[in-house]
Amino acid sequence: IALSVVACGAAMAAVVGLWPFVFGPRRRISPVCLAKQSFPFYAAALANVGISRLDYLVVGLFTTPSSLAAYYVARRIADYLRQLDAAVLEAITPKLSEQRKRSRDEIEKVFVRCTRYLLLGLLPIHVGLAATAHTVIRLYAGDNYPTASAILALLTAACLLQTVFGLLRANICLLYTSPSP
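Here the structure is a predicted model, which is why all the values come from computation and not from measurement.

*Asks:* What am I meant to see in the packing of aromatic side chains here?
*Replies:* Two aromatic rings are characterised by how far apart their centres lie and by the angle between their planes. Here the structure, examined in full by the defined rule, presents two aromatic pairs. Considering the side-chain rings of Tyr56 and Tyr71, the 5.7 Å spacing of their centres and the 75° angle between planes classify their relative orientation as edge-to-face. Placement of Tyr56 in helix 2 (residues 31–62) and of Tyr71 in helix 3 (residues 65–98) is noted, with a sequence separation of 15 residues between them. By relative accessible area, which is 13% here, Tyr56 ends up buried. With a centroid separation of 5.8 Å and an interplanar angle of 45°, the aromatic rings of Tyr56 and Tyr72 are classed as tilted. Linking Tyr56 in helix 2 with Tyr72 in helix 3, this pair joins segments that are 16 residues apart in sequence. What links up through ring pairs into an aromatic cluster is the set Tyr56, Tyr71 and Tyr72.

This is the structure:
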C-alpha cells in the first residue's frame, strides 16, 4: 500500500511539473527542421544497434547456423558478465576522478590499487565461469549447444580484457586531463 501511495504521489508530481510543457503554448516546428535536429540522435542510435549486432553478422557469414546459435547462447551469458564488469567500472571510475587534483604519482598509486582490487574481485569470477562453461551452458540452454562452452570461455577472457582496458582508458583520460602540478 505504501508503495502505491508513493507511486501515485510521484505520478501526480510529474503531471503537475510537466503540465506547462505538455499543455502550454506550442511552437510549430517544420518537419524538415525536426529531421535536421533529430538526425544525429537517430543516426547514433542506429549505429549503436548495428555495431552491437555486427558480431552476429560476421559469425553468421563465416560459419554454420548451428555455430551461430551456439555463439548466441554463449554471448547471452557473457552479456551478464559484461554488465557486472560495467557496474564495477562505474563504481571505480568516480574514485579515480576524485584523484584528479592530486599529483601524478598519487594518481598512479590509486590506479594500481584499483587495478589490483578489480583483478582480485573479477578474475575469480571470470576464471570460474570459463572453467565451468560447459555446466553453465547446460543449465542455461540444455544439451543442444555442446560447442558453446568453448565460445563462452573465450568470451569471458575477452570480457576481462575489455574491463581492464576500460579502467586503463579511464586512467589515461584522467592523467591527460588533470592539471599538471
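*Asks:* Looking at this structure, how should I read the packing of helix 3 against helix 5 (residues 133–141)?
*Replies:* Closest axis-to-axis distance for the helix 3/helix 5 pair is 11 Å, and the angle between their directions is 105°. By the angle class used here, helix 3 and helix 5 are roughly perpendicular. Between helix 3 and helix 5, the residues in contact are Val73, Ala74, Arg76, Ile77 and Tyr80 and Val136, Ile137, Tyr140 and Ala141, respectively.

*Asks:* Help me out: how do you make sense of helix 4 (residues 104–131) in this one?
*Replies:* Residues lying three or four places apart along an α-helix face the same way, a consequence of the helix completing one turn every 3.6 residues. Helix length check: helix 4 (28 residues) gives 39 Å between terminal C-alpha atoms against 40 Å at 1.5 Å per residue, within 8%. Of all the bends in helix 4, the greatest, near 35°, is centred on Leu122, and the proline Pro124 appears no more than four residues after it. Those residues of helix 4 that sit buried are Ile107, Val110, Phe111, Cys114, Thr115, Leu118, Leu122, His126 and Leu129.

*Asks:* When you look at the pattern of salt bridges in this model, what are you seeing that I'm missing?
*Replies:* A side chain with one charge can pair with a side chain of the opposite charge if their charged atoms come near. Tallied over the entire structure, the rule returns four salt bridges. Across the pair Arg82 and Asp79 runs a salt bridge, and its minimum N-O distance is 3.0 Å. Taken together, the positions of Arg82 and Asp79, both in helix 3 and three residues apart, correspond to about one turn of that helix. With relative accessibility at 24%, the residue Asp79 sits in the partly exposed group. Three or more residues joined by partner-sharing salt bridges are found here, namely Asp55, Arg75, Asp79 and Arg82.

Definitions and cut-offs
- Residues numbered from 1 in each chain as written.
- Predicted model: local features only at pLDDT ≥ 70, side-chain atom pairs only at ≥ 80, totals over all residues.
- Heavy atoms only, no water.
- Phe/Tyr/Trp six-rings, centres within 6.5 Å; stacked < 30°, edge-to-face > 60°.
- Helix = DSSP H or I, 4+ residues; strand = E, 2+ residues; numbered from the N terminus.
- Buried < 20%, exposed > 50% of the residue type's maximum accessible area, 1.4 Å probe, protein only.
- Axes fitted to C-alpha atoms, helices over the stretch in contact; angles between N-to-C directions.
- Parallel < 35°, antiparallel > 145°, perpendicular 65-115°, else oblique.
- Contact = heavy atoms within 4.5 Å.
- Expected span 1.5 Å × (residues − 1).
- Bend = angle between axes of the 7 residues up to and from the residue.
- Salt bridge = Lys/Arg side-chain N within 4 Å of Asp/Glu carboxyl O.

Just geometry here; none of it tells us what the structure is for.
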